Amino acid sequence: MSENTSVGVIGASGQLGTEFCEIISAAGMDLLPCDKGDPEADFRRALGASVVHWCAPLAALETLDEFPGESTLVLHDSAMSSSLAAAGSLYERLGEMNIGICHWLMNREQVAIVASEATDISEHLSLLGLNPSIMTVAEHDTLMAHSQAPLAVLSRVLLPFLTDPDNGRYLTPSAIDLRAVLLGREEQWTDETMRSILKNPQLDGLLQQLTTVINQSRI
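Residues numbered from 1 in each chain as written. Predicted model: local features only at pLDDT ≥ 70, side-chain atom pairs only at ≥ 80, totals over all residues. Heavy atoms only, no water.

This part takes up unusual backbone geometry. One non-glycine residue with positive phi stands out, namely methionine 106, at about 55°. Judged by its relative accessible area of 38%, methionine 106 is partly exposed. Phi at glutamine 110 takes a positive value of approximately 55°, unusual for a residue other than glycine. Considering the arrangement of structural elements, one finds glutamine 110 in the loop between β5 (98-104) and β6 (111-115). (Buried < 20%, exposed > 50% of the residue type's maximum accessible area, 1.4 Å probe, protein only. Helix = DSSP H or I, 4+ residues; strand = E, 2+ residues; numbered from the N terminus.)

This is the structure:
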């Protein structure tokens, strides 16, 4: 893929879409953004790009009735297993097509994980200034279950208690620190992002590990 590659972004005004539009423009590529409510012509034009980043919810893929065979569609979800399942559904509906699966971590190292089970988009991501790292879907989801997901789980379970005014006077300093961290993450995660994180099937393994630690401490 050359630096002159045209790149479409579906869901361009969302958090992830906005970030991708910025790095695509900075890389000097031809940006074709499209968002919900835009004219059908803009949607079709974006789909005609050499690479199309689907930054909208995966459920919106149901609206996709065709895709150019020479283009590459890139799916983004915090749980790569969800992207892999969505890719399988697309193959069944639309036939053989190029689908890449990516999770841009947006960390200081600008790492973007690429699923080894899908089309290799490493070269394209490198041209965007990202640092691609290839691993299996299971490896990625296990990594996220132990790094990204814990705060999401704690947020859903503990924030109702930690933010209840009736409990405020009983919070220890560590509880107050935890509340601040969880509230900070809540402000940065959209509802769709939170749902994606919590759908990670590898969370079951993390919960089993937590249960084991608790049970061992009671012996």
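So, about the pattern of salt bridges. The final tally for this structure, using the stated rule, is four salt bridges. Of the charged contacts in the structure, one is a salt bridge between arginine 44 and aspartate 65, with a shortest N-O distance of 3.0 Å. Of this pair, arginine 44 sits in helix α2 (residues 40-47) while aspartate 65 sits in the loop between β3 (51-54) and β4 (72-76), placing them 21 residues apart in sequence. Judged by its relative accessible area of 48%, aspartate 65 is partly exposed. (Salt bridge = Lys/Arg side-chain N within 4 Å of Asp/Glu carboxyl O.)

Following the sequence through the fold, serine 82 ends up in helix α3 (residues 80-94). Relative accessible area serves as the criterion here: at 15%, serine 82 is assigned to the buried category. Not counting residues up to four positions away in its chain, the partners in contact with serine 82 are Leu58, Asp77 and Lys199. (Contact = heavy atoms within 4.5 Å.)

Sheet architecture is open: seven strands sit in the order β2-β1-β3-β4-β5-β6-β7, paired in mixed fashion. At either end of the open sheet lies a strand with only one pairing partner, and these are β2 (30-34) and β7 (131-135). On average, each strand axis in the sheet is tilted by 25° relative to the strand beside it, whichever way the strands run. (Pairing = 2+ DSSP bridges. Axes fitted to C-alpha atoms, helices over the stretch in contact; angles between N-to-C directions.)

Turning next to the side chain of aspartate 77. Among the structural elements, aspartate 77 can be located in the loop between β4 and α3. Within the structure, the side chain of aspartate 77 is placed 3.2 Å from the side chain of serine 196, a separation counted as a polar contact. (Polar contact = N/O pair within 3.5 Å; in protein donor to acceptor, adjacent residues only side chain to side chain.)

Look at any regular strand and the pattern is simple: side chains alternate between the two faces of the sheet. Burial along β3 is two-sided: Val51 and His53 and Val52 and Trp54, pointing in opposite directions, are all buried. Where strand β1 (residues 6-10) and β3 come together, four bridges link them in parallel fashion. Among the inter-strand pairings, isoleucine 10 is bridged to a residue of β3, identified as tryptophan 54. As paired elements, β3 and β4 share four bridges and run parallel to each other. Each residue of the ladder has a partner; that of histidine 53, found in β4, is valine 74.

This next bit is on the nonpolar core. Core analysis: the biggest nonpolar cluster contains 21 residues, and Ile10, Trp54, Leu61, Leu64, Leu73 and Leu75 have the highest contact counts within it. Those elements that provide at least two residues to this core are β2, α2, β3, β4 and α3. Once you skip the residues sitting within four places of it in the chain, leucine 61 turns out to touch Trp54, Leu73, Leu75, Ala86, Leu90 and Arg93. Judged by nonpolar contacts, the second largest core, of 19 residues, contains Cys21, Val51, Trp104 and Leu128. (Core = buried A, V, L, I, M, F, W, Y, C linked by side-chain atoms within 4.5 Å.)

Before going further, it helps to spend a moment on the pairing of β2. Alignment of β1 against β2, held across five bridges, turns out to be parallel. By the bridge assignment, serine 6 is partnered in β2 with aspartate 30. Once you follow β1 into helix α1 (residues 15-26) and on to β2, the crossover reads as right-handed. (Right-handed = clockwise from strand over helix to strand, strands pointing away.)

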